[in-house]
Amino acid sequence: MTLPAAVNRCIEQLKAEHHAPLCAYVYDLPALERHIKAMREVLPENCELFYAAKANPEARVLKTLAPWVDGFEAASGGELTWLHEQCPDQPLIFGGPGKLDRELDIAMQYCISAFHVESVTELRSLARIARERGVRAPVMLRLNLKLARAPQSRLVMGGKPTPFGLDEEGLASALKIVREESSLELKGLHFHLLSHQLDVDAHLELIRSYFLTFRQLCADHNLQLPVLNVGGGMGIHYQDVTQSFDWARFCRGLKELIDEYGMGATRIRFEIGRFISAACGYYVMQVLDIKSSHGEFFAIGRGGTHHFRTPAAQGHDHPFTVVRGTEPAQITGQSVTLVGQLCTPKDVLARQQPVAQLAIGDLLVFTLAGAYAWNISHQNFLMHEPPRKVFIEG
Ligand SMILES: *Cc1c(COP(=O)(O)O)cnc(C)c1O
């Protein structure tokens, strides 16, 4: 796989500027901007696109996305405050289980588009806090739907017992609270059942059942709701990017479903993380050592899974490219396991990967490292230096 020219240039420059072995995250902001614009362009008219910031909350990433999204989704009080500080005018969604009263209270001062309520207890707290402040809190009720066919993907957080959202049976009691509490303003329903979705047709079927359920629940409970949040979860195929979620095809199917189910007057809201930011990030490790152990080659890079836990978290071999240095090859046409500097056999980024050539001093550039990467890593383990962070500008 060849790296984009801007990324190559950036890495060459880093190498020239620094004499110590390199370890860095490189974020290609112009590429991120092109990607979000392209996503936006094909999105049907009545749809909204929020960015789920937990995928990558880097300030520069947020600021690049801000003009092209309808807002940000925060999955915790900490994220919420961070997002408010970085982009005070962006509409925010406050989701996630176990919200503290204090966090709900602070949120009342921000530009909140919706509180995603995950339980009846939380709904009661929200009502009380909003009442005390004399404001109305915009509420979306998260539902853990029971579907005829449970969704299939590597990470499912609904359609089965989970700590997220309300069961459909719990909806009536939640609605009773909403009707009694004038401090709550019900905006709509929220479904987010899975992540790592690669199959467009399966996802369209899921959206179809969301539409059907939304309409049915509105009819059953006599509700007129302006917003339906259909979550995120569009997947990246790490071994073959061309098999990643086909967003353009999905949007064409989505438009057909919107027409078929008369959903044109409802705002269909997405909150997407991985699919937005994964491709803009690169994790770069310079090779410190190459050795053979019991017949297998290992390349030890500067850094490791304490910076870049994605391959360990996903249990996969992460895709990478070798940027050759000036040393003659020590390995030619062999397989090598790429590891970091940690004293644990779990510190593996890719196992037994064929490389054409590799030498000490070469760079291993891991692609698709812009989502659930640095910020999900156990950064202080072993107290190694953090990676440099470099942002390519337009
Ligand atoms: C994490 C999360 C998302 C984003 O998921 P991606 O797979 O990164 O798109 C959206 N909604 C909720 C409620 C989440 O927890």
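Notes on the structure in this doc start here.

Procedures and definitions
Residues numbered from 1 in each chain as written. Predicted model: local features only at pLDDT ≥ 70, side-chain atom pairs only at ≥ 80, totals over all residues. Heavy atoms only, no water. Phe/Tyr/Trp six-rings, centres within 6.5 Å; stacked < 30°, edge-to-face > 60°. Helix = DSSP H or I, 4+ residues; strand = E, 2+ residues; numbered from the N terminus. Buried < 20%, exposed > 50% of the residue type's maximum accessible area, 1.4 Å probe, protein only. Expected span 1.5 Å × (residues − 1). Polar contact = N/O pair within 3.5 Å; in protein donor to acceptor, adjacent residues only side chain to side chain. Core = buried A, V, L, I, M, F, W, Y, C linked by side-chain atoms within 4.5 Å. Domains from an automatic or database assignment. Contact = heavy atoms within 4.5 Å. Axes fitted to C-alpha atoms, helices over the stretch in contact; angles between N-to-C directions. Parallel < 35°, antiparallel > 145°, perpendicular 65-115°, else oblique. Nonpolar A, V, L, I, M, F, W, Y, C, P; charged D, E, K, R; others polar. Salt bridge = Lys/Arg side-chain N within 4 Å of Asp/Glu carboxyl O. Left-handed = near helix turned anticlockwise from the far one by under 90°. 1 Å grid on protein atoms, 1.4 Å probe; cavity = no way out; pocket = protein on both sides within 12 Å on 5 of 7 lines; lining within 4 Å. Points joined across faces, edges and corners; volume = space filled by probe spheres on them.

**Details of the packing of aromatic side chains**
Counting across every chain of the model gives 19 aromatic pairs. Measuring from ring centre to ring centre gives 6.3 Å for Phe 94 and Phe 115, while their planes differ by 50°; the resulting arrangement is tilted. Highlighted residues: Phe 94 in strand β4 (residues 92-94) and Phe 115 in strand β5 (residues 112-117), separated in sequence by 21 residues. For Phe 94, a relative accessible area of 0% corresponds to the buried category. Look at Phe 308 and Phe 366: their rings are 5.9 Å apart centre to centre, the planes differ by 50°, and that puts the pair in the tilted class. Taken together, the residues Phe 308 in the loop between β14 (296-301) and α11 (310-314) and Phe 366 in strand β18 (residues 363-366) connect sequence positions 58 residues apart. An identical accessibility class is assigned to Phe 308 and Phe 366; each is buried. The structure contains a cluster of three or more aromatic residues connected by ring pairs, namely Tyr 25, Tyr 27, Tyr 283, Phe 308, Phe 320, Phe 366, Trp 374 and Phe 391.

**Quick notes on helix α8 (residues 200-220)**
For α8, built from 21 residues, the straight-helix expectation of 30 Å at 1.5 Å per residue is met to within 8% by its first-to-last C-alpha distance of 30 Å. Of all the residues in α8, the buried ones are Val 200, His 203, Leu 204, Leu 206, Ile 207, Ser 209, Tyr 210, Phe 211, Thr 213, Phe 214, Leu 217 and Cys 218. At the N-terminal boundary of α8, the capping side chain belongs to Asp 199, with an oxygen 3.0 Å from the backbone nitrogen of Asp 201. One or two residues past the end of α8 sits Asn 222, with phi positive at roughly 55°.

**A few points about the nonpolar core**
Counting residues in hydrophobic clusters, the biggest one holds 111 residues, and the most contacted among them are Tyr 51, Phe 72, Leu 141, Phe 211, Trp 247, Phe 250 and Phe 270. Two domains share this core, each providing at least three of its residues, namely domain 1 (5-26 + 279-392) and domain 2 (91-272). Setting aside residues up to four positions removed in sequence, Phe 72 forms contacts with Phe 50, Tyr 51, Leu 62, Leu 65, Ala 66, Leu 83, Cys 87, Gln 90, Pro 91, Leu 92 and Ile 93. Within the second largest apolar cluster, 15 residues are counted, among which are Leu 3, Val 26, Val 284 and Val 323.

**Comments concerning the packing of helix α6 (residues 120-133) against helix α7 (residues 171-180)**
Interhelical geometry of α6 versus α7 gives an angle of 5° and a closest axis separation of 10 Å. One finds that α6 runs roughly parallel with respect to α7. Here α6 contributes Val 120, Leu 123 and Arg 124 to the contact with α7, which in turn contributes Ser 173, Ala 174, Ile 177 and Val 178. Looking at side-chain class alone, the contact of α6 with α7 contains 5 nonpolar, 1 polar and 1 charged residues.

**A word on the pattern of salt bridges**
Evaluation of the coordinates by the stated rule reveals 21 salt bridges. The closest approach of N and O atoms between Arg 269 and Glu 48, which form a salt bridge, is 2.7 Å. Linking Arg 269 in strand β12 (residues 267-272) with Glu 48 in strand β2 (residues 47-52), this pair joins segments that are 221 residues apart in sequence. Classification of Arg 269 by relative accessible area gives buried; the value is 3%.

**Section: the environment of Phe 297**
Examined against the element boundaries, Phe 297 turns out to sit in strand β14. A relative accessible area of 22% places Phe 297 in the partly exposed class. Separated by 54 residues in sequence, Phe 297 and Arg 351 have C-alpha atoms that sit 9.8 Å apart. Apart from residues no more than four positions distant in its own chain, Phe 297 is found in contact with Ile 290, Lys 291, Ser 292, Ile 331, Gln 334, Ser 335, Val 336, Thr 337 and Gln 352.

**Re the packing of α8 against helix α9 (residues 247-260)**
A packed helix pair is summarised by two numbers, namely the angle formed by the two axes and the spacing between the axes. Between α8 and α9, the shortest axis-to-axis distance is 10 Å and the interhelical angle comes to 25°. The pairing of α8 with α9 is recorded here as roughly parallel in orientation. Once α8 is placed against α9, the crossing between them reads as right-handed. Contact residues: α8 offers Val 200, Asp 201, His 203, Leu 204, Ile 207, Arg 208 and Phe 211, while α9 offers Arg 249, Phe 250, Gly 253, Leu 254, Leu 257, Ile 258 and Glu 260. Among the residues making up the contact of α8 with α9, the classes are represented as 8 nonpolar, 2 polar and 4 charged.

**Comments concerning the layout of surface pockets**
Approximately 530 Å³ is the volume found for the largest pocket. In terms of lining residues, the largest pocket is bounded by 29 residues, among which Lys 54, Met 157, His 192, Ser 195 and Tyr 372 are the most central. Counting only elements with at least two residues in the lining of the largest pocket, the list comes to β7 (155-156), β12 and α11. Taken together, the residues of the lining of the largest pocket sort by class into 12 nonpolar, 10 polar and 7 charged. A domain-level breakdown of the lining of the largest pocket finds at least three residues from each of domain 1 (5-26 + 279-392) and domain 2 (91-272).

**Some points on the side chain of His 196**
As for its placement among the helices and strands, His 196 is situated in the loop between β10 (194-195) and α8. His 196 sits in the buried class, given a relative accessible area of 9%. A polar side-chain atom of His 196 sits 3.3 Å from a polar atom in the side chain of Gln 314.

**Some thoughts on the environment of Leu 338**
Inspection of the secondary structure puts Leu 338 in strand β16 (residues 331-339). Apart from residues no more than four positions distant in its own chain, Leu 338 is found in contact with Ala 299, Phe 320, Val 348, Leu 349, Ala 350, Leu 364 and Phe 366.

Any functional reading would require information beyond the geometric quantities listed.
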